Amino acid sequence: MQARDRIKICAFICAAPALIIAARLFYLQTFRHMELADKTESRVYTQTTENTLRGRILDRNGVVLAESLPTYAVAVSKRNVNNRAALFAAFTGALGVSRQELNKLWQDKRNFFYVKKNVTPPEYEDLEKRVRAGRVTGVEVEPQYTRIYPFDNVAQDVLGATNSRNKGLSGIELMYNKILSQEQQSRRVKRARGGGIIYDNSHPGPAQTPDVYLTIDATGQYYTESILKKYALQHKVKSAFALVQESNTGEILAAASYPARDGRALPFQFSYEPGSTFKSIVVAAALDTGSIKVSDSIGMDDNKWAVDGIIIRDHQEKPKLSIGEILEVSSNIGTAKIAHALGARTMYSYAKKFGFGVKSNVAFLGEPGGILRDYPRWRPIDTAKAGYGYTISVTGVQLVGAYSAIANGGNLMQAHLIDKIVYPGGRETKLARPLKIRRVIEENTARQTASLLENVVEKGTGQNARVKGYRMAGKTGTSEKMSQEGRYERSLHIASFCGFAPAGAPRFTILVVLDEPERALFGAAAAAIFSEIAAKFLNIYSVPANKEI
Amino acid sequence: MRAIYIILIGGLFLLFISMERVQRQKTGHRVAALMEDIEFKKARNQYLRYRLGVYNSPDKIVNAALEDKMIVTEPRNIVVLEGQSAGQRQD
């Protein structure tokens, strides 16, 4: 064999494996590419669901009511711990976890266990120093976000709550969950030894989220809540709520509930028979249609007036009452007769115009529309009873809206709870623009009704609502609650007061409702709460006095 | 001789590349550590602002004021500096 041939054979022997490998590579890369890529993906990479950042909720003045704070979940991997005593000392010193707890966790868990979640940055910093100083290994730290509320429980009924994965569960947190939260981020990470993960450095940081501004005033909300709670405890009520609205714009300034629970905002969710607070609506409607004049008087029929064989009773001393007096003493017969004169159709029409029987545009979760039956189904006694606030059911936000219409000259304004949404980069969507839904009553009618309501506070049942130096207007209400058997219970009441301040140039419309106070309380008790809340708002907004003392 | 020069230049080039890579790695680590530090400081800053918010909450301020026997004035006593004095009739 020639030397040349031998070289060729050697070259072939050397090249053959390379050719085989190249052929195999070609086959794998070309024909089995998809299958192998999938295998690699599942073996090398994994997906983790990130605990995402959540936007802030602020009050109308930019005070933070809820935000997400970066915190840490601290855990231990037993297998990797080199000095158990030093590790426990670090945890006890920095995180305040007792040795007993740590020992129990150590004994109960096989390898991995969480020591503490929601560890704040200063706690984490302290722990890091201690761990480094002790040269301890086996500590695992997981970044997370914790929802924090700087003002603690202020407006918790409106704000609602989130779960441990930062998802809205109730209230505004749930209503605006999509806006407040980033899309649940699924992040592709490399697998590491021992079940660990390696984050890709090129992954963009957490995206910024929009901020939701409420129309609520945090300071006013605090005072409303604390005043309501004080009286609710004093009167041992089952529940209570207070709602404050800006009379001219429809913006909700405070919405307090007792007892306060996450996302249970009674001013929007509680529907009840308004009782005498509805009399102002009936009188306003009658004045607007011209069925009555302010100078008219109505006979009391010896305090017994029969409709459909049912006797409506009253306790008035005078045989006749003027329209003003009917509201001042809260006469049932008086307003029943006015409602009767108006007729079911007109009553129904005005109730609708005032916003009753339909949900407010606030659209708070669980908000009912109230009950306003179609007028063809009203019997004469239903119309008469509607005159003093029975047979219909309203929500707080509806009643406050109707009183605001009387206060502001006859316009039903759209109620607002969300002021604006501010997106990262500064772009904002203003939601709380004053929007007139419709004119409900003429301006003159509104002025006359407001004047009558002012007299209720000056001379009538609402005297507890007075605030020194200010003209106040409003109406008390007491209604019996219906039992489960469908009868009115004489022992179960709802006491309420709705009014506005200061009369003449109204700024705030306020409703206070006490559900089942222990003793038979009348609206006067609610009027006292109204007075305190009104005084706080007049103070906060520096509204000048408008009455000589 | 020419081959030696080529090998020498090639070697130097490879040395430069590897040094640059090492340096890049070091800088990367430093940047990552700084970024981590910034994130942590931001978180701590946010936490301190939260604590300030807690101390500035109406609840805390009202309680502190009550402890010092401070009383909130009635709204009618407020003097508006635009010329409208307290208790003055406006309409």
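This text follows the structure it describes.
In what follows, the accompanying structure is described. Quick caveat, the model's predicted, so the values are computed rather than measured. (Residues numbered from 1 in each chain as written. Chains lettered and ligands numbered in written order. Predicted model: local features only at pLDDT ≥ 70, side-chain atom pairs only at ≥ 80, totals over all residues. Heavy atoms only, no water.)

It is worth spelling out the overall build of chain A at this point. Secondary structure assignment for chain A yields 18 helices and 23 strands. Against the globule reference of 24 Å for 549 residues, chain A gives a C-alpha radius of gyration of 34 Å, more extended than a compact globule. With the C-alpha coordinates of chain A rotated into their principal frame, the extents come out at 140 × 55 × 50 Å. Put simply, of all contacts in chain A between residues at least 6 apart along the chain, 72% involve residues at least 24 apart. In the structure as shown, chain A presents an accessible area of about 25600 Å², 50% of it carried by carbon and sulfur atoms. Both charge centroids of chain A, one from 73 positive and one from 53 negative side chains, sit 7 Å from each other. (Helix = DSSP H or I, 4+ residues; strand = E, 2+ residues; numbered from the N terminus. Rg over C-alpha atoms; globule rule 2.2 N^0.38 Å. Contact = heavy atoms within 4.5 Å. Areas by Shrake-Rupley, 256 points an atom, 1.4 Å probe, with all protein chains shown as cover. Lys, Arg positive; Asp, Glu negative; His and termini not counted. Charge placed at Lys NZ, Arg CZ, Asp CG, Glu CD.)

Another aspect to go through is helix α11 (residues 279-289) of chain A. Counting buried residues in α11(A) gives 10 out of 11 residues, a clear majority hidden from the surface. The positive-phi residue at the C-terminal boundary of α11(A) is G290(A), with phi of around 85°. (Buried < 20%, exposed > 50% of the residue type's maximum accessible area, 1.4 Å probe, protein only.)

On to a nonpolar patch on the surface, then. A contiguous nonpolar patch, built from M1(B), I4(B), Y5(B), L8(B), I9(B), L12(B), L15(B) and M19(B) and spanning about 930 Å² of accessible area, is present on the exposed surface. Here I4(B) shows up in helix α1 (residues 2-55). (Patch = residues over 30% accessible without salt bridge, like charges linked within 9 Å, V, L, I, M, F, W, Y side chains within 5 Å. Salt bridge = Lys/Arg side-chain N within 4 Å of Asp/Glu carboxyl O.)

The description of two packed helices rests on the angle between their axes and on the distance between the axes. Residue and element names in this part refer to chain A. Contact geometry of α11 with helix α17 (residues 443-459) gives a least axis separation of 9 Å together with a crossing angle of 140°. The angle between the axes of α11 and α17 places the two elements in the oblique class. Our pair here, α11 against α17, has a crossing hand that is right-handed. Across from S280, V283, A284, L287 and D288 in α11, the residues of α17 making contact are T445, Q448, T449, L452 and L453. When grouped by side-chain class, the residues that make up the contact of α11 with α17 number five nonpolar, four polar and one charged. (Axes fitted to C-alpha atoms, helices over the stretch in contact; angles between N-to-C directions. Parallel < 35°, antiparallel > 145°, perpendicular 65-115°, else oblique. Left-handed = near helix turned anticlockwise from the far one by under 90°. Nonpolar A, V, L, I, M, F, W, Y, C, P; charged D, E, K, R; others polar.)

So, about the side chain of T71(A). Residue and element names in this part refer to chain A. The residue T71 is located in strand β3 (residues 64-77) in this model. For T71, the side chain forms a polar contact with the side chain of T146, separated by 2.6 Å. Setting aside chain neighbours within four positions, we find T71 in contact with N118, V119, T120, E142, P143, Q144, Y145 and T146. (Polar contact = N/O pair within 3.5 Å; in protein donor to acceptor, adjacent residues only side chain to side chain.)

A word on the pattern of salt bridges. Residues and elements named next belong to chain A. All chains considered together, the criterion is met by 24 salt bridges over all chains. Between R56 and D211 there is a salt bridge whose closest N-O contact spans 2.9 Å. With a gap of 155 residues between them, R56 in the loop between β1 (45-49) and β2 (57-58) and D211 in strand β8 (residues 211-214) connect regions that are remote in the sequence. Using a relative accessible area of 26% as the deciding quantity, one classes R56 as partly exposed.

This next bit is on the sheet that holds strand β21 (residues 473-482) of chain A. Residues and elements named next belong to chain A. What the five strands build is an open sheet, ordered β10-β9-β23-β22-β21; its pairing is antiparallel. Bordering the open sheet on either side are β10 (252-258) and β21, each of which pairs with just one other strand. Within the sheet, the average angular offset between the axes of one strand and its neighbour, ignoring direction, is 10°. Running over the sheet, helix α9 (residues 218-234) touches β9 (239-246), β10 and β23 (508-515) and is turned about 30° from β10. Helix-sheet contacts for α17 involve β21 and β22 (488-501), and the interaxial angle to β21 is about 75°. (Pairing = 2+ DSSP bridges.)

Another point: the pairing of β8(A). All names here are of chain A. Of the two faces of β8, the one lined by D211 and Y213 and the one lined by V212 and L214 are each fully buried. Both β2 and β8 contribute to a ladder of two bridges, which runs parallel. Its bridge partner being in β8, I57 is matched across the sheet by V212.

Turning our attention to the packing of aromatic side chains. All names here are of chain A. Taken as a whole and assessed by the stated rule, the structure comprises 23 aromatic pairs over all chains. Consider the rings of Y27 and F31, whose centres lie 5.8 Å apart with planes at 40°: the pair is tilted. A residue pair is termed a helical-turn pair when its members lie 3 or 4 positions apart in one helix, as Y27 and F31 do in helix α1 (residues 3-31) at four residues. Given a relative accessible area of 59%, F31 falls into the exposed group. A centroid spacing of 5.2 Å and a plane angle of 80° characterise the contact between Y390 and Y488, whose relative ring orientation is edge-to-face. With Y390 in the loop between α15 (380-386) and β16 (394-395) and Y488 in strand β22, this pair connects stretches of sequence that are 98 residues apart. The buried category is assigned to Y390, whose relative accessible area is 11%. Residue class for Y488 comes out partly exposed when judged on its relative accessible area of 26%. One aromatic cluster is present, built from ring pairs that chain together F26, Y27 and F31. (Phe/Tyr/Trp six-rings, centres within 6.5 Å; stacked < 30°, edge-to-face > 60°.)

Much of the literature gives interface size as the accessible area that the parts lose upon coming together. Listed as interface residues are 35 residues of chain A and, on the opposing side, 27 residues of chain B. There are one salt bridge connecting chain A and chain B. Salt-bridge contacts for E125(A) lead to R44(B); the nearest nitrogen and oxygen are separated by 2.6 Å. Our enumeration of links across chain A and chain B arrives at five residue pairs in polar contact (both at pLDDT 80 or more). Within the residue set of the side of chain A that touches chain B, elements represented by two or more residues are β3, α5 (121-134), α9 and α18 (523-540) of chain A. The residue inventory of the side of chain A that touches chain B, partitioned by class, reads 20 nonpolar, eight polar and seven charged.

Residue and element names in this part refer to chain A. Counting residues in each nonpolar core, the largest one holds 95 residues, and the members touching the most others are F268 and F354. It is helix α16 (residues 396-407) that contributes the most residues to this core, eight residues altogether. Apart from the residues lying within four places of it in its own chain, the contact partners of F268 are L243, I252, A255, V362, F364, E367, P368, T395, V397 and L417. L228, V244, Y258 and A535 belong to the second largest nonpolar core, which has 36 residues in total. (Core = buried A, V, L, I, M, F, W, Y, C linked by side-chain atoms within 4.5 Å.)

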